[in-house]
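# Observations on the three-dimensional arrangement
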Amino acid sequence: MAAASLNQQLAVPHLRQPTLPSHNKLQRPMTQEQCTHRNNVQSSEKPQVYKVGIYGWRKRCLYLFVLLLMILILINLALTIWILKVMNFTIDGMGNLRITEKGLKLEGPSEFLKPLYAKEIQSKPGRPLFLQSSRNVSVNVVNGNNQLLTQLVTGSSGFQARGKMFEVKSTSGKLLFSADEQEVVVGAERLRVMGAEGAVFSKSVETSHVRAEPFKELRLESPTRSLLMEAPKGIQILAEAGDIQAICRNELRLESKDGEISLDARRIRLMRLPEGKASISSSSSGTRQSVYEVCVCPNGRLFLSQAGTGSTCQISNNVCL
């Protein structure tokens, strides 16, 4: 009976609803029967499931964005591979450009859109170096202050060189041509002028020998001014197989200050000399003579006078007036 009454007393709490303590009172510790009853109540209810992630239209947009990104990556990769193939990128360089220990090496024609700065430019052994431009090719040399010292320009208008001095030398190192502000030197053994009008000099010309080509005539001419030839020891005019002609409009003067003038020839002809006329009182009544003598005036003028038994230069000196 005691055991039955104890079971009845223990079964009574299962029929009661557990009361929750108020917030104002202290919470008492739950007994073992209360914890077991609470777990049975929670197990009888349905479990709640919380979904984690992106669902619906957001998920579809994300998949579409990822797909577009993959397509762009594939296109970019394909373009990169195509550029590498077209530009011929390799470990040594790209295209015709190769990187070597001595510098850059270009194989084939190359085009530079900006200025090229290089210490040395040379072609392959046995190959020419060809520079081409649609306008001009300029080679400049500057100092540390970026001031122009020497310039070489080749363009459609011509060839221009700018500098303090210009020299042209042969392969053996002999000077062929040199020009600066003071003088121009021609170091070749012979200077040939092939123009039809010859060479024109606005100032004086100093030379030791002027000679024409074989079987060609030498002509010294001054169309509007006088022609003057001077030498400290003399001037020699020689034509071994031709004639010498000196033509002028006003005066032809041969002057020797300390020496003499020699005309050495088998025949000396003085053409178109004026003829002096004797006065009527001194003229003879005989037939007119055809023999003349050459007379010289005090001013150096030459004239002809009819020869007589004596000199008639004083009689026919009206030319000297």
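Residues numbered from 1 in each chain as written. Predicted model: local features only at pLDDT ≥ 70, side-chain atom pairs only at ≥ 80, totals over all residues. Heavy atoms only, no water.

Going by an unreviewed UniProt entry, the protein chain carries the name Sarcoglycan, delta (dystrophin-associated glycoprotein) and comes from Takifugu rubripes. Regarding the protein chain, the relevant UniProt record gives this comment under Sequence similarities (unreviewed entry): "Belongs to the sarcoglycan beta/delta/gamma/zeta family." (UniProt positions renumbered as here; feature names shortened; annotations may be inferred.)

### Describing the sheet that holds strand 6 (residues 158–162)
Pairing in this open sheet of three strands is antiparallel, and the strands run 4-5-6 from one edge to the other. Unpaired on one side and paired on the other, strand 4 (136–142) and strand 6 mark the two borders of the sheet. Geometrically, the sheet is characterised by an average inter-axis angle of 5° between neighbouring strands, direction not taken into account. Pairing of strand 5 (residues 148–155) with strand 6 involves five bridges; the strand directions are antiparallel. The residue bridging glutamine 151 from the neighbouring strand is arginine 162, located in strand 6. (Pairing = 2+ DSSP bridges. Helix = DSSP H or I, 4+ residues; strand = E, 2+ residues; numbered from the N terminus. Axes fitted to C-alpha atoms, helices over the stretch in contact; angles between N-to-C directions.)

### Some points on unusual backbone geometry
In this structure, asparagine 146 is a non-glycine residue whose phi angle is positive, near 65°. Structurally, the position occupied by asparagine 146 is in the loop between strand 4 and strand 5. Positive phi is not limited to glycine here, since arginine 272 has a value of about 60°. Within the secondary structure, arginine 272 sits in the loop between strand 9 (184–186) and strand 10 (292–296).

### Regarding the packing of aromatic side chains
Considering all chains together, one arrives at one aromatic pair under this definition. Between phenylalanine 166 and phenylalanine 177, the ring centres sit 6.3 Å apart and the planes meet at 65°, which makes this aromatic pair edge-to-face. Taken together, the residues phenylalanine 166 in strand 7 (residues 166–169) and phenylalanine 177 in strand 8 (residues 175–179) connect sequence positions eleven residues apart. With a relative accessible area of 29%, phenylalanine 177 lands in the partly exposed category. (Phe/Tyr/Trp six-rings, centres within 6.5 Å; stacked < 30°, edge-to-face > 60°. Buried < 20%, exposed > 50% of the residue type's maximum accessible area, 1.4 Å probe, protein only.)

### Focus on the nonpolar core
Ranked by size, the top nonpolar core spans five residues in total: Cys295, Cys297, Phe303, Cys313 and Val319. Every residue in contact with cysteine 297, bar those within four places of it in the chain, is listed here: Phe303 and Cys320. (Core = buried A, V, L, I, M, F, W, Y, C linked by side-chain atoms within 4.5 Å. Contact = heavy atoms within 4.5 Å.)

### What to know about the UniProt feature "transmembrane region" (unreviewed entry) in the protein chain
As recorded in UniProt, the feature "transmembrane region" (unreviewed entry) lies at residues 61–84. Secondary structure across residues 61–84 divides into 100% helix and 0% strand, with the first and last C-alpha atoms of the span separated by 35 Å.

### Let's talk about the state of the cysteines
One pass over the full model with this rule turns up two disulfides. With its sulfur 1.9 Å from that of its partner, cysteine 295 forms a disulfide with cysteine 313. Classification of the bridge connecting cysteine 295 and cysteine 313 rests on its S-S torsion, roughly -80°, and on that basis the disulfide is left-handed. Residue cysteine 295 is located in strand 10, and its partner cysteine 313 is located in the segment after strand 11 (302–306); the two are separated by 18 residues in the primary sequence. Each of the two residues, cysteine 295 as well as cysteine 313, counts as buried. Between the sulfur of cysteine 297 and that of cysteine 320 lies a disulfide, 1.7 Å long from S to S. (Disulfide = S-S within 2.5 Å.)

### Focus: the side chain of serine 178
Structurally, serine 178 is set in strand 8. Exposure remark for serine 178: the relative accessible area of 9% places this residue in the buried category. Apart from the residues within four sequence positions on either side, serine 178 is in contact with Met165, Phe166, Glu167, Glu183, Val184 and Val185.

### Examining the pattern of salt bridges
Enumeration according to the criterion identifies three salt bridges in this entry. Glutamate 221 is the partner of arginine 219 in a salt bridge, and the nearest nitrogen-oxygen pair spans 3.4 Å. The two residues arginine 219 and glutamate 221 agree in class, both being exposed. (Salt bridge = Lys/Arg side-chain N within 4 Å of Asp/Glu carboxyl O.)

### Comments concerning the sheet that holds strand 8
Overall, antiparallel pairing links the three strands, which are arranged 7-8-9 in an open sheet. Two strands close off the open sheet at either side, each with one partner strand: strand 7 and strand 9. Recorded for the sheet is a direction-independent mean angle of 10° between the axes of neighbouring strands. Judged from the three bridges that link them, strand 8 and strand 9 form a sheet pairing that is antiparallel. Bridge assignment links alanine 179 to a residue of strand 9, and that residue is valine 184.

### So, helix 3 (residues 57–86)
Helix length check: helix 3, at 30 residues, gives a terminal C-alpha distance of 43 Å against a target of 44 Å (1.5 Å per residue), a fit within 8%. Backbone geometry just after helix 3 places asparagine 88 at a positive phi near 55°. (Expected span 1.5 Å × (residues − 1).)

### Focus: the pairing of strand 4
With seven bridges connecting them, strand 4 and strand 5 associate as antiparallel partners. Note on strand 5: the bridge partner recorded for valine 142 is leucine 148.

### Observations concerning the confidence of the model for the protein chain
Of the residues in the protein chain, 79% have a pLDDT of 70 or more, and the chain-wide mean is 77. Mean pLDDT values for the elements of the protein chain range from 44 in helix 1 (residues 2–15) up to 92 in helix 3. Predicted confidence is poor over residues 1–15, with pLDDT under 50, and the contacts of this stretch with residues over four places away or in other chains come to zero contacts. The model gives residues 20–26 a pLDDT under 50, and that stretch makes one contact with residues more than four places away or in other chains. (pLDDT = per-residue confidence, 0-100.)

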